[in-house]
Amino acid sequence: MSTIRAIIPAEADGWRLDRALAAALPDHSRERLKKLIASGQVTDDNGKAVRDVKASATPGAAYNLVIPEAEPMAAAAQDIPLAVAYEDEHLIVVDKPAGLVVHPAAGNPDGTLVNALLHHCAGSLSGIGGVSRPGIVHRIDKDTSGLIVAAKTDKAHEGLARQFAAHSIDRVYKAIASGIVMQSEGTVETHLARSSQNRQKMAVVDAPRGKRAVTHFRRIEALNEATLVECRLETGRTHQVRVHMAHLGHALVGDPVYGRPRKAHRKLLDTLGFHRQALHAARLGFTHPVTRKTIALESDLPGDIQELYRVLSV
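Described below are features of the structure shown in this document. Just so we're clear, the structure is a prediction, and the values are computed from it rather than from any experiment. (Residues numbered from 1 in each chain as written. Predicted model: local features only at pLDDT ≥ 70, side-chain atom pairs only at ≥ 80, totals over all residues. Heavy atoms only, no water.)

Here we look at helix α1 (residues 17–24)
All of the buried residues in α1 are L17, D18, A20, L21 and A22. In the core, the buried residues of α1 are packed alongside β1 (2–7), α2 (30–38), β2 (42–44) and β3 (62–67). (Buried < 20%, exposed > 50% of the residue type's maximum accessible area, 1.4 Å probe, protein only. Helix = DSSP H or I, 4+ residues; strand = E, 2+ residues; numbered from the N terminus. Contact = heavy atoms within 4.5 Å.)

Below you can see the structure in the form of structure tokens.
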């Protein structure tokens, strides 16, 4: 636990207290400062706790902040190889292989991307919310491959989270869908929620239930009773691409949850040992939350999807 002192700068006259403190302490995220204020960890020079984040700030006013030590995460650091697409002192982008779970959970207590990041980032982890852990801002399914970003600092975590919430992140997937997609391009807009029949699945539901989900798709190439497509996410809901393509009648090849193999594909999938959805997070673009530079990254299709594509092209 440590105590730091903050002096409200002149330009923060009349600002909300949380915003003014963030200006005075640029190394601390506004979200973390809000939590400190609400928990009584911020006091004025008279030693009185200030709990109103909306209180109007006065230039030159001094506050003392008690910063608790970040609680250690239960997950252990593990030396799991990572394919790093981009990294600096603020964030890291990993090209995740299929089969790697993002976050520890029941059934997957270790061997996850978080365990790998705890080892790789050693001591430089986002502690947003007061927990020492890698800043997982978004997730991709265990059996989906491709690009995923994690924050090393609170400021990066908060900035990335804002961009995801505003749907300004450029997220493009490549997939092999079953059947021939006739439209050259189109948009699927639905509401998604947990299936009432199977809580492990997501389902298209009628509004206002669920959350709005929008996927823009483009046909790249027709294959043997399949189609190589590109899907750009406007929103980022759980299983969104998989559910939306199935909703169109073109479940992803190999998807064990939302589709069943076509007769023409069954033997092929067994021969290749391909038993996951043919889905890859191929492009990730965002504004760097600290430097403000544009980050635009691309990832080639992994070997198993390339082989599936090659055989379906014959």
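Concerning the sheet that holds β1
Spatially, three strands are ordered β1-β3-β2 in an open sheet, and the strand pairing comes out antiparallel. Every other strand in the sheet has two partners, leaving β1 and β2 as the edge strands with one partner each. Between one strand axis and the next, the sheet turns through 25° on average, direction left out of account. Here α2 sits on the sheet and contacts β2 and β3; the angle it forms with β3, its principal contact strand, is near 95°. (Pairing = 2+ DSSP bridges. Axes fitted to C-alpha atoms, helices over the stretch in contact; angles between N-to-C directions.)

Some points on the packing of helix α6 (residues 263–272) against helix α7 (residues 303–313)
Remark: α6 packs on α7, axes separated minimally by 11 Å, with the N-to-C direction vectors making an angle of 140°. Of the two possible hands of crossing, α6 and α7 adopt the one that is right-handed. Facing H265, L268, L269 and L272 of α6, the residues of α7 in contact are E307, L308, V311 and L312. Here the contact of α6 with α7 is built from residues that sort into six nonpolar, one polar and one charged. (Left-handed = near helix turned anticlockwise from the far one by under 90°. Nonpolar A, V, L, I, M, F, W, Y, C, P; charged D, E, K, R; others polar.)

Description of the packing of aromatic side chains
In this structure the tally under the stated criterion is zero aromatic pairs. Over the ring of W15 we find R19, and its NZ or CZ is 3.7 Å from the ring centre. (Phe/Tyr/Trp six-rings, centres within 6.5 Å; stacked < 30°, edge-to-face > 60°. Lys NZ or Arg CZ within 6 Å of the ring centre and 35° of its normal.)

Brief notes about α7
Listed in full, the buried residues belonging to α7 are I305, L308 and L312. Along the axis of α7, the buried positions cluster into a sector of 60°, meaning they face one direction only. At its buried positions, α7 is contacted by β10 (170–178), β14 (226–233), α6 and β15 (279–287). (Arc of directions from axis to C-beta.)

Considerations on the pattern of salt bridges
Under the criterion given, the structure shown has 15 salt bridges. The partner of E87 in a salt bridge is K152, with the nearest N and O atoms 2.7 Å apart. Remark: K152 occurs in the loop between β9 (145–151) and α4 (154–165) and E87 occurs in strand β5 (residues 84–87); sequence separation between them is 65 residues. Judged by its relative accessible area of 10%, K152 falls in the buried class. Residues R262 and E225 are paired through a salt bridge, measuring 3.5 Å at the closest nitrogen-oxygen approach. Note that R262 is positioned in the loop between α5 (240–247) and α6 and E225 in the loop between β13 (211–222) and β14, a separation of 37 residues in sequence. Residue classification places R262 among the partly exposed residues on the basis of a relative accessible area of 33%. Of the residues examined, E225 reaches a relative accessible area of 34% and is grouped as partly exposed. Among the charged side chains, a salt-bridge network with shared partners connects R16, D18 and R30. (Salt bridge = Lys/Arg side-chain N within 4 Å of Asp/Glu carboxyl O.)

Some words on the pairing of β15
The buried count for β15 comes to seven of nine residues, which makes it a mostly enclosed element. Across two bridges, β9 lies against β15 in parallel orientation. Directly across from S145, in β15, lies its bridge partner H280. Pairing analysis gives six bridges linking β10 to β15, with the strands arranged antiparallel. The residue of β15 that forms the bridge with V172 is R283. Relative to strand β16 (residues 294–298), β15 runs antiparallel, the two sharing five bridges. Its bridge partner being in β16, L284 is matched across the sheet by L297. The hairpin formed by β15 and β16 contains six residues between the paired strands, and R292 there has a positive phi angle of roughly 70°.

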